[in-house]
Structure formats: C-alpha cells, structure tokens
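Examining the three-dimensional arrangement
Spelled out, the chains give:
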Amino acid sequence: MIEITVPYEVNGRSYAGRIVCDDDAAERGYPVLFMQPDWYGVWPETIEQAHTLAAGRYVVFLADMFGTDYGPENKDFDGLLQGMLAVHKDLEFTLKCGSLAYETMLKEAIAQGLVTADAKKFAVGYCAGGGFLMEQTRAGAEFDAVTILHITNPAPVVPGTPCKMTGRALIIHGDKDPVTSQEMLNGMQAELDGAGVEWQTVWFSGAVHSFCVPSANFPGAQYDEKLCRRSYRMMHAFFAETE
C-alpha cells in the first residue's frame, strides 16, 4: 500500500498526517475518507487502522491533532487524557488543526493523482476524534457523510454553537458506554435534528467504550473485534449509499 507522510504546522508546532491507500487507488477512483483517530493520535495502531479502512475502498487521510512530538507510547491514562482535553477545550485550535490537516492532505492527494477534486468526501472519528470531527462539521466542514464510533465529547465545547453539518451521519455506540451516556447522545441527535441532518444511531447491547480500538483494555473501554468488523461493514454500506 501507499503511505505518504504529509507535514503541516499549526501555531509554530509540527504535525504530520498520513495518506494511506492501495497502490492502484489512482486508477480505481476511490473516495476520500478523512480519519480523526482516538487520543493516541498518529501512531502504529491508528496507522494500521487506516490501512484496514483503505484496503480496496478509500484514500484515507489520517489526521494528526497532537503534534509530531506527542509520544503517546510514553503517556499513561492521565497523560493521554490531558493531551486530549488540551485539544478538546481549545475550539479555535481544533478547527484550525482539523481543517488544515484535511486541506493539506487533500491538496497532496490531488497533486499525487490519488484522488480527483470531485471525489466523494467521507469522514470517520474514533472516540475523542469523533468529538473533534463533530466540531469540524458544526463549523461547516463539507463531508458527504460521516461515521462516529463510540464518541467522546458529543456536545459542542462552546454551548449554543450552531450546527452547520451538511452531510449524513451514522453514529455507532455501546449502550453500556460509561464515557458518553445515552442522554448525551440524545442531545447530539436533537442537535442534528435541529440542523436538518439525516442521521442514524446504532446501539450495540452490552458494549462499552472504544470497541474499535485494539489496544483498549481498561475499565469502561474494551476492544471487541466482532463489533468492530460489524461497525466497519455498516459504515461502508452507509457511505456506499450516499448519493
């Protein structure tokens, strides 16, 4: 597979996203899949997730929201939490970094002939990345459809922020998720209703947080290979039916 590192700079700090796709993606005319990973950012596990998603389907843009010096392998739970919250609580940065990641990788992918400017544009967010992606779509990022997997922080960080999402939304969540409750998801669904967004929520019975994150194994968060495969099948079908 092709894997291209794409650097960009935000507020004087270095970031590096990844473009991941099949070797013959240019000939196949794949759509774009912008990927906001969980709180580990760009590291071997999330790069492998990008490879899994890309195979035979998409040109994946893996966003870096934490910087090339982030070092998630050296962080414990509290360190990862603080890193995530530093991004989440700074809406101006979230929007600036997220949009720059997408725009820079899209420009590079077009220059490399991997996608065309009129290709379908999809997005997926995992956990905290789902929250970042929601903030981008609230601000008007133009994706034809988005999938949000076990979202963290579904509500706008700035209360009352108008929702300008234009595409369709698929939300996949565990009904025993202790991080993001059903009540919080109800608020997100009401927000999407108010914006006239077509949405669908799928609840997995007994599932907790991070069921699509292979390394997740702590109280309230657990990887589930079967549910992850099922989530991906649903996402692929949802994107495929987007006109």
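The rules behind each value
Residues numbered from 1 in each chain as written. Predicted model: local features only at pLDDT ≥ 70, side-chain atom pairs only at ≥ 80, totals over all residues. Heavy atoms only, no water. Salt bridge = Lys/Arg side-chain N within 4 Å of Asp/Glu carboxyl O. Helix = DSSP H or I, 4+ residues; strand = E, 2+ residues; numbered from the N terminus. Buried < 20%, exposed > 50% of the residue type's maximum accessible area, 1.4 Å probe, protein only. 1 Å grid on protein atoms, 1.4 Å probe; cavity = no way out; pocket = protein on both sides within 12 Å on 5 of 7 lines; lining within 4 Å. Points joined across faces, edges and corners; volume = space filled by probe spheres on them. Nonpolar A, V, L, I, M, F, W, Y, C, P; charged D, E, K, R; others polar. Pairing = 2+ DSSP bridges. Right-handed = clockwise from strand over helix to strand, strands pointing away. Polar contact = N/O pair within 3.5 Å; in protein donor to acceptor, adjacent residues only side chain to side chain. Contact = heavy atoms within 4.5 Å. Axes fitted to C-alpha atoms, helices over the stretch in contact; angles between N-to-C directions. Parallel < 35°, antiparallel > 145°, perpendicular 65-115°, else oblique.

**A short note on the pattern of salt bridges**
Scanning all chains against the criterion turns up nine salt bridges. Between Arg138 and Glu135 there is a salt bridge, with the nearest N and O atoms lying 3.3 Å from each other. Note that Arg138 and Glu135 are positioned in helix α5 (residues 128–138) at a spacing of three residues, about one turn of the helix. By relative accessible area, which is 1% here, Arg138 ends up buried. Residue Asp175 is joined to Lys176 by a salt bridge in which the shortest nitrogen-to-oxygen separation is 3.2 Å. Under the relative-accessibility criterion, Asp175 is labelled partly exposed at 23%. Residues joined by salt bridges that share partners form a network here, namely Glu135, Arg138 and Glu191.

**Side note on the layout of surface pockets**
Approximately 320 Å³ is the volume attributed to the largest pocket. In terms of lining residues, the largest pocket is bounded by 18 residues, among which Trp39, Thr152, Val179, His209 and Phe218 are the most central. In terms of residue count, the dominant contributor to the lining of the largest pocket is helix α3 (residues 77–88) (three residues). Split into classes, the residues belonging to the lining of the largest pocket amount to 12 nonpolar, five polar and one charged. A volume near 160 Å³ is recorded for the second largest pocket. If you trace the second largest pocket, you find 14 residues lining it, with Val42, Gly67, Thr68, Tyr70 and Gly71 closest to the centre. Residues belonging to the lining of the second largest pocket are distributed by class as follows: six nonpolar, four polar and four charged.

**Observations concerning the pairing of strand β4 (residues 59–62)**
Consecutive side chains of a regular strand alternate in pointing toward one face of the sheet and then the other. Residues Val59 and Phe61 line one face of β4 and the alternating positions Val60 and Leu62 line the opposite face, and both faces are buried. Direction of pairing for strand β3 (residues 32–36) relative to β4: parallel, over a ladder of four bridges. Bridge pairing in β4 links Met35 to Leu62. In this fold, β3 hands off to helix α2 (residues 44–54), which returns the chain to β4; that crossover is right-handed.

**So, unusual backbone geometry**
Residue Asn11 is not a glycine yet carries a positive backbone phi of 55°. Of note, Asn11 is situated in the loop between β1 (2–10) and β2 (13–21). The exposure class of Asn11 is exposed, given its relative accessible area of 60%. In this structure, His150 takes a positive phi of about 35° despite not being glycine.

**A look at the side chain of Asp177**
Topologically, Asp177 is positioned in the loop between β7 (168–174) and α6 (182–194). Reaching out from Asp177, the side chain makes a polar contact with the side chain of His173 at a distance of 3.3 Å.

**Some thoughts on the side chain of Glu135**
Glu135 gets classed as buried once you look at its relative accessible area, which sits at 6%. Those residues in contact with Glu135 that sit more than four places away from it in its chain are Leu91, Thr94, Leu95, Ala155, Pro156 and Val157.

**Points about the packing of helix α4 (residues 91–111) against α5**
Packed helices, taken two at a time, are described by the angle between their axes plus the distance between the axes. α5 packs onto α4 with a crossing angle of 85° between their chain directions and a minimal axis gap of 9 Å. Comparing their axes, α5 and α4 come out roughly perpendicular. Listed contacts from α5 to Leu91, Thr94, Leu95, Gly98 and Ser99 of α4 are Phe132, Glu135 and Gln136. Residues belonging to the contact of α4 with α5 are distributed by class as follows: three nonpolar, four polar and one charged.

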